[in-house]
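Next come the chains, spelled out residue by residue.
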Amino acid sequence: MLDKISKKILAELQNDGRISNVELAARVNLSPAACLERVRKLHEAGYIMGYTAQLNPQLLDVSLLVFIEVVLDRTTPEVFDAFKQSVQLIPEVLECHMVAGGFDYLVKARVKDMAAYREFLGKTLLQKGVRETHTYAVMEEVKNTTKLPIR
């Protein structure tokens, strides 16, 4: 169980992963040494998995965001494993989730435009083992966050 101070630390780090330890300590009312120790323990316990920079997809020329439902031709452990291994190597794929329901995987990917998506789909995603896909191109990102609710 996380106490109130550890939750505050996690919330502050989600807001600004580059915050200095001195500033973080001031915001959560701890000494810098005690704060650093808390952050170290949160890392060790697995609450903090790492730090990343959020990049602007438009400036990097990957502004088309798509979600793709993927149905595999067979649902055997070998086909699942082959798909999981291959999707790990595709840089355009941001997320891939095995789901329960009418399809096997939900893939989130970013590409330059629709022409780039067609090439991506044909040359990369449509591989042996994939029976069909359904694509949803995002027209507007209403909310895009990596922040988890901390209760």
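As a convention, each chain's residues are numbered from 1 in the sequence order in which they are written. Residues qualify for local features only when their pLDDT is at least 70, as the model is predicted, and side-chain atom pairs are given and counted only at 80 or more; totals for whole chains, interfaces and linings, by contrast, use all residues. Side-chain measures were taken over the full set of non-hydrogen atoms in the model, leaving aside hydrogen atoms and water.

Describing the environment of Met-49
Spelled out, the test is: The helix count covers DSSP runs of H or I at least four residues long, the strand count covers runs of E at least two residues long, and both are numbered beginning at the N terminus. Exposed residues in this analysis have more than 50% of their type's maximum accessible area, buried residues have under 20%, and partly exposed residues fall in between, with area computed by a 1.4 Å probe over protein chains only.
Looking at the secondary structure, you find Met-49 in the loop between helix H3 (32–44) and strand S1 (64–72). For Met-49, a relative accessible area of 81% gives the class exposed. Distance in space between the C-alpha atoms of Met-49 and Val-142 is 26 Å, their sequence separation being 93 residues.

Some thoughts on the packing of aromatic side chains
Heads up, the rule is: Each aromatic pair joins two rings of Phe, Tyr and Trp (for Trp, the six-membered one) with centres within 6.5 Å, and gets the label stacked for planes under 30 degrees apart, edge-to-face for over 60, and tilted for any other angle.
Considering all chains together, one arrives at 3 aromatic pairs under this definition. Note on Phe-83 and Tyr-105: the rings are 4.5 Å apart at their centroids and 35 degrees apart in plane angle, and the pair reads as tilted. Of the two residues, Phe-83 sits in helix H4 (residues 77–88) while Tyr-105 sits in strand S3 (residues 105–111), which places them 22 residues apart along the sequence. Across the pair, Tyr-105 and Phe-83 agree in class, each one buried. Note on Tyr-117 and Phe-120: the rings are 5.9 Å apart at their centroids and 45 degrees apart in plane angle, and the pair reads as tilted. With a gap of 3 residues between them, Tyr-117 and Phe-120 both fall in helix H5 (residues 114–125), about one helical turn apart. This pair shows no difference in class: Tyr-117 is buried, exactly as Phe-120 is.

Thoughts on the UniProt feature "domain: HTH asnC-type" (unreviewed entry) in the protein chain
Here is the rule: UniProt positions are given in the numbering used here, feature names are shortened, and annotations may be inferred rather than shown by experiment.
Those places that UniProt annotates as "domain: HTH asnC-type" (unreviewed entry) correspond, in this numbering, to residues 2–63. Helix makes up 52% of residues 2–63 and strand 0%. Its end C-alpha atoms lie 38 Å apart.

Structural notes on the sheet that holds strand S2 (residues 93–98)
Applied cut-off: In this analysis, strands are considered paired if DSSP registers two or more bridges between them. Only C-alpha atoms enter the line fits that serve as axes; for helices the fit covers just the stretch in contact. Angles between N-to-C directions range over 0 to 180 degrees.
A sheet is described by the order of its strands in space; here 4 strands give the open sequence S2-S3-S1-S4, paired in antiparallel fashion. Pairing within the sheet leaves two strands with one partner each, and these edge strands are S2 and strand S4 (130–137). Within the sheet, the average angular offset between the axes of one strand and its neighbour, ignoring direction, is 20 degrees. Where S1 and S3 come together, 7 bridges link them in antiparallel fashion.

Let's talk about the side chain of Asp-104
Applied cut-off: Counted charges follow a simple rule, with Lys and Arg positive, Asp and Glu negative, and His plus the chain ends left uncounted. Put simply, a salt bridge is a Lys or Arg side-chain nitrogen that is within 4 Å of an Asp or Glu carboxyl oxygen. As used in this structure description, the phrase polar contact means that two N or O atoms lie within 3.5 Å; if the pair is within protein, one of them must be able to donate a hydrogen and the other to accept it, and residues adjacent in sequence are counted only when both atoms belong to side chains. The contact criterion used throughout is that any non-hydrogen atoms of two residues lie within 4.5 Å.
In this fold, Asp-104 is placed in the loop between S2 and S3. Buried and unpaired, Asp-104 has no salt bridge, with Arg-131 as the nearest side chain of opposite charge at 6.6 Å. A polar contact is formed between the side chain of Asp-104 and the backbone nitrogen of Leu-72, at a distance of 2.7 Å. Every residue in contact with Asp-104, bar those within four places of it in the chain, is listed here: Val-70, Val-71, Leu-72, Thr-75, Phe-80, His-97, Met-98 and Val-99.

Digging into the pattern of salt bridges
By the definition in use, this model includes 13 salt bridges. Here Glu-23 and Arg-27 are joined by a salt bridge, their closest N and O atoms 2.9 Å apart. On the criterion of helical spacing, the pair formed by Glu-23 and Arg-27 is a turn pair, its members being 4 residues apart in helix H2 (residues 21–27). For Glu-119, the salt bridge identified is with Lys-123, shortest N-O distance 3.6 Å. Taken as a pair, Glu-119 and Lys-123 lie in helix H5 at a separation of 4 residues, close to a single helical turn. Judged by its relative accessible area of 68%, Lys-123 is exposed. The network of salt bridges with common partners includes Glu-37, Arg-40, Lys-41 and Glu-44.

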